[in-house]
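Residue-level listing of the chains:
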Amino acid sequence: MAGAPPLRRRRLLSLALLLAAAASFTAAAAKAKASPRLSPNYYRHTCPHVERIVSDVIAAKQRANPSTAAGTLRLFFHDCFVNGCDASVLVSPLSSDSTPERAAEINLSLPGDAFDAVARAKAALESACPGVVSCADVLALAARDLVGILGGPRFPVALGRRDSRRSDARDVEGNLPRTNMSARAMARLFASKGITAREMVALAGAHTVGFSHCGEFAHRIYGYRAGAGAGGHDPRLNPEFARALQRSCAGYRSDPTVSIFNDIVTPRDFDEAYYKNLPRGLGLLASDAALWEYPPTRVFAERYAGNRTAFFEDFAAAMQRLGAVGVKTGRQGVVRRRCDALD
């Protein structure tokens, strides 16, 4: 090669570059094969009735316990935002030698009905298709199905997630939004997960169902900081609403389970009322009010308040994006036979 003429040397170099590129492409293809992409048809041959099985179990659970839907949506969100959608939040402290995510302070209020819904669906799948469907996929399907049951949008769910081999409470802090965060801070957090401000506001629409414990917004209704006025509440709250909250939450310190519907207008319907409540001072959490105050997020809240179709379309797309955050596929994870334990 050293003695080859300049033209021949250039040709040889070009051939070497082509061979290197081909080798790189082959390696990338092999890696892609080892870690397949998510697909709605992932279980077509291995568990063809997976969606029907999950749907039947989840619908029965929702009929028996109507709070299941909102709790499962929250569970899905908390799972995906900490190390990806890998079912790590489902691991019970009782079945782990370490302290799993579920034991983190912010996760202690995750409702038992949501965990039970996933466990029941997983048990049914283990009976029909042993060791095939991951807990992470069960949770994603359950969240989707429950939105539809409440009247929200229906959308396809890509499948093929694997479950995590670990769950550590120390991973939680800083990865989940707090109820007193500013919209700007929330937008930064969501952006770090690959979720846009528009998708963030759409996902916030899940607050159209479910409830929050008084302790999560007590700072807004009791002894609010200077400038709040004689009522002692956050001036962004509708005064009549604030007084009603003060009365309803009066004993929250002695009974921390006291809670209020996130959407007091249509609390059991998945609709756009959450957004309509914001300019009326009926947003329960400080983070809800923040979305209306911050121009980059307010523009989307205004749009959804006046257009249910736009909200449903964007919520469906945002849920699909959320369900793809940090997923593990192929050999990156496992299929746990029990969702509450690390196999």
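Given the structure is predicted, the values throughout are model-derived calculations rather than measurements.

(A) Structural context of the pattern of salt bridges. With the rule as written, the count across this model stands at 24 salt bridges. A salt bridge links Arg198 to Asp314; the shortest N-O distance between them is 2.8 Å. A residue pair is termed long-range when its members are at least 10 positions apart, and Arg198 in helix 7 (residues 197–204) and Asp314 in helix 13 (residues 308–322) qualify at 116 residues. Classification of Arg198 by relative accessible area gives partly exposed; the value is 37%.

(B) Quick look at helix 9 (residues 239–248). Taken as a whole, helix 9 has its buried residues at Phe241, Ala242, Leu245 and Gln246. Buried residues in helix 9, looked at end-on, bunch into an arc of 140°, giving them a common side. Of the exposed residues in helix 9, those oriented more than 90 degrees away from the buried face are Glu240 and Arg247. Looking at the buried side of helix 9, the elements it contacts are helix 8 (218–221) and strand 2 (259–261). Between the side-chain oxygen at the start of helix 9 and the backbone nitrogen of Glu240 there is a gap of 3.0 Å, and the oxygen is on Asn238.

(C) Structural view of the confidence of the model for the protein. Overall, the prediction assigns the protein a mean pLDDT of 90, with 88% of residues at 70 or greater. In this model, residues 6–35 is a region of pLDDT below 50 whose contacts with residues beyond four sequence positions or in other chains number 10 contacts.

(D) Examining unusual backbone geometry more closely. We note that Asn83 has phi near 65°; this positive angle belongs to a residue other than glycine. The residue Asn83 is located in the loop between helix 3 (68–80) and helix 4 (112–128) in this model. Assessed through its relative accessible area of 38%, Asn83 is described here as partly exposed. With a phi close to 65°, Ala87 is a non-glycine residue in the positive phi region. Relative to the helices and strands, Ala87 resides in the loop between helix 3 and helix 4. Using a relative accessible area of 0% as the deciding quantity, one classes Ala87 as buried.

(E) Helix 6 (residues 183–192), seen in detail. Of all the positions in helix 6, only Ala183, Ala185, Met186, Ala187, Leu189 and Phe190 are classed as buried. Elements that come into contact with the buried residues of helix 6 comprise helix 3, helix 7, helix 11 (286–293) and helix 12 (295–305). The positive-phi residue at the C-terminal boundary of helix 6 is Gly194, with phi of around 85°.

(F) Looking closely at the state of the cysteines. This model, assessed by the stated rule, comprises 4 disulfides. With its bonded cysteines labelled in order along the sequence, the protein shows the pairing 1-4, 2-3, 5-8, 6-7.

(G) Representation of the environment of Tyr294 within the structure. As for its position among the elements, Tyr294 is in the loop between helix 11 and helix 12. As for Tyr294 and Arg184, which are separated by 110 residues in sequence, their C-alpha atoms are 7.4 Å apart.

(H) Just the environment of Ala324, in detail. Here Ala324 lies in the segment after helix 13. C-alpha separation for the pair Ala324 and Gly84, spaced 240 residues apart in sequence, amounts to 7.8 Å.

(I) Spotlight on the nonpolar core. Leu75, Phe76, Leu90, Phe270, Met319 and Leu322 are the most contacted members of the largest nonpolar core, which has 81 residues in total. In terms of residue count, the dominant contributor to this core is helix 5 (residues 135–149) (10 residues). If you look at the next biggest cluster of nonpolar residues, it comprises 14 residues, including Leu237, Phe241, Cys249 and Leu284.

(J) Up close: the packing of aromatic side chains. Taken as a whole and judged by the stated rule, the model has 14 aromatic pairs. By the ring-pair criterion, three or more aromatic residues cluster together here, those being Phe270, Tyr274, Tyr275, Tyr304, Phe311, Phe312 and Phe315. In this structure, Arg102 packs its charged tip against the face of Phe115, placed 3.6 Å from the ring centre. Its end group placed over the ring of Phe81, Lys193 keeps NZ or CZ at 5.7 Å from the ring centre.

Rules of the game
Residues numbered from 1 in each chain as written. Predicted model: local features only at pLDDT ≥ 70, side-chain atom pairs only at ≥ 80, totals over all residues. Heavy atoms only, no water. Salt bridge = Lys/Arg side-chain N within 4 Å of Asp/Glu carboxyl O. Helix = DSSP H or I, 4+ residues; strand = E, 2+ residues; numbered from the N terminus. Buried < 20%, exposed > 50% of the residue type's maximum accessible area, 1.4 Å probe, protein only. Arc of directions from axis to C-beta. Contact = heavy atoms within 4.5 Å. Polar contact = N/O pair within 3.5 Å; in protein donor to acceptor, adjacent residues only side chain to side chain. pLDDT = per-residue confidence, 0-100. Disulfide = S-S within 2.5 Å. Core = buried A, V, L, I, M, F, W, Y, C linked by side-chain atoms within 4.5 Å. Phe/Tyr/Trp six-rings, centres within 6.5 Å; stacked < 30°, edge-to-face > 60°. Lys NZ or Arg CZ within 6 Å of the ring centre and 35° of its normal.

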